[in-house]
Amino acid sequence: MNIIRRPRRNRQSAAIRDMVQETRLHPSDFIFPVFVLEGSQVRSEVSSMPGIYRYSSDLLLDEIGRCLDLGITTFDVFPNLPESKKDRYATESHNPDGLYLQTVRAIKHKYPEAMVMTDVAMDPYSSDGHDGLVEESGPASGQILNDETLEILGRMAVAQAQAGADIVGPSDMMDGRVGHIRRELDKAGFQQVAIMSYCAKYASAFYGPFRDALNS
């Protein structure tokens, strides 16, 4: 037969298939989300994600060590905070002595080879539970204040970089936040800290479970 394309040539042996395959997934290609909560020797399963747990920082360090042994090198850290630590301005997000930033420091101290990504958003720290600052009064009452939120996110990102974050991950969906965070990081001397934003998480089946995991 006069067949010009014979792609079976590239499938005839394992060696050829390995050579020409377009995509090869490896543990180092993935970012593993991990959840930290207060306490010691505490492990709490996320009901909407069976097999995934929130850990106190001591147990989280052990979990990260096990993941590194499996070849997973990058971790996105999320906090689960009690309501007593939350307020309108998410001030706990840039508290250097708070659970989240202390945990980031501990991870980088014990596992300097690990790549640590942090979450930049107000909702884990906000008493309103939103990713942005909420207007409390006037004709715009109940609306998210975009530009005022950027100031909070900038402080949060710089504090995370100071704690040792390699990548900051804005997940807040505010307009202009990547540019603002980049300027704040550069101004503070963190030009090497990367930004990996994601803003369409509401289209993911993980959106609800993540809100569950963070209790936000």
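Summarised in this report is the structure supplied together with it. Quantities reported herein were computed from a predicted structural model and do not represent experimental measurements. (Residues numbered from 1 in each chain as written. Predicted model: local features only at pLDDT ≥ 70, side-chain atom pairs only at ≥ 80, totals over all residues. Heavy atoms only, no water.)

Between two aromatic rings, the relevant description is the distance of the centres plus the angle of the planes. For the structure shown, the criterion picks out five aromatic pairs. Considering the side-chain rings of Phe35 and Phe210, the 5.4 Å spacing of their centres and the 70° angle between planes classify their relative orientation as edge-to-face. You can see Phe35 sitting in strand β1 (residues 31–37) and its partner Phe210 sitting in helix α6 (residues 207–214), a full 175 residues away along the chain. Cluster of aromatic residues (ring-pair linked, three or more members): Phe35, Phe78 and Phe210. Between Arg43 and the ring centre of Tyr53, over which it is positioned, the NZ or CZ distance is 4.0 Å. (Phe/Tyr/Trp six-rings, centres within 6.5 Å; stacked < 30°, edge-to-face > 60°. Helix = DSSP H or I, 4+ residues; strand = E, 2+ residues; numbered from the N terminus. Lys NZ or Arg CZ within 6 Å of the ring centre and 35° of its normal.)

On to the layout of surface pockets. Any empty space left between the atoms is revealed when a probe the size of a water molecule rolls over them. Quantified by volume, the largest pocket comes out at close to 490 Å³. Lining the largest pocket are 21 residues; nearest its centre among them are Pro33, Phe78, Tyr198, Phe206 and Phe210. Contributing elements (two or more residues each) for the lining of the largest pocket: β1, β4 (74–80), β5 (115–120) and α6. Residue composition of the lining of the largest pocket, by class: 14 nonpolar, two polar and five charged. (1 Å grid on protein atoms, 1.4 Å probe; cavity = no way out; pocket = protein on both sides within 12 Å on 5 of 7 lines; lining within 4 Å. Points joined across faces, edges and corners; volume = space filled by probe spheres on them. Nonpolar A, V, L, I, M, F, W, Y, C, P; charged D, E, K, R; others polar.)

In this section: the pattern of salt bridges. Counting across every chain of the model gives ten salt bridges. The partner of Lys86 in a salt bridge is Glu83, with the nearest N and O atoms 3.1 Å apart. On the basis of relative accessibility, which here comes to 9%, the residue Lys86 falls in the buried class. The partly exposed category is assigned to Glu83, whose relative accessible area is 48%. (Salt bridge = Lys/Arg side-chain N within 4 Å of Asp/Glu carboxyl O. Buried < 20%, exposed > 50% of the residue type's maximum accessible area, 1.4 Å probe, protein only.)

Together, Arg6, Arg8, Arg9 and Arg11 give the surface a local cluster of positive charge. Relative to the helices and strands, Arg8 is located in the segment before α1 (14–20). (Patch = residues over 30% accessible without salt bridge, like charges linked within 9 Å, V, L, I, M, F, W, Y side chains within 5 Å. Areas by Shrake-Rupley, 256 points an atom, 1.4 Å probe, with all protein chains shown as cover. Lys, Arg positive; Asp, Glu negative; His and termini not counted. Charge placed at Lys NZ, Arg CZ, Asp CG, Glu CD.)

The next thing to look at is the packing of helix α4 (residues 146–163) against helix α5 (residues 177–187). Viewed as axis vectors pointing N to C, α4 and α5 meet at an angle of 45°, and their least axial separation amounts to 9 Å. As summarised for this structure, α4 and α5 are arranged oblique, according to the angle between their axes. Judged by the twist between their axes, the crossing of α4 over α5 is right-handed. Along the contact surface, α4 presents Leu150, Glu151, Leu153, Gly154, Ala157, Val158 and Ala161, while α5 presents Arg177, His180, Ile181, Glu184 and Leu185. (Axes fitted to C-alpha atoms, helices over the stretch in contact; angles between N-to-C directions. Parallel < 35°, antiparallel > 145°, perpendicular 65-115°, else oblique. Left-handed = near helix turned anticlockwise from the far one by under 90°. Contact = heavy atoms within 4.5 Å.)

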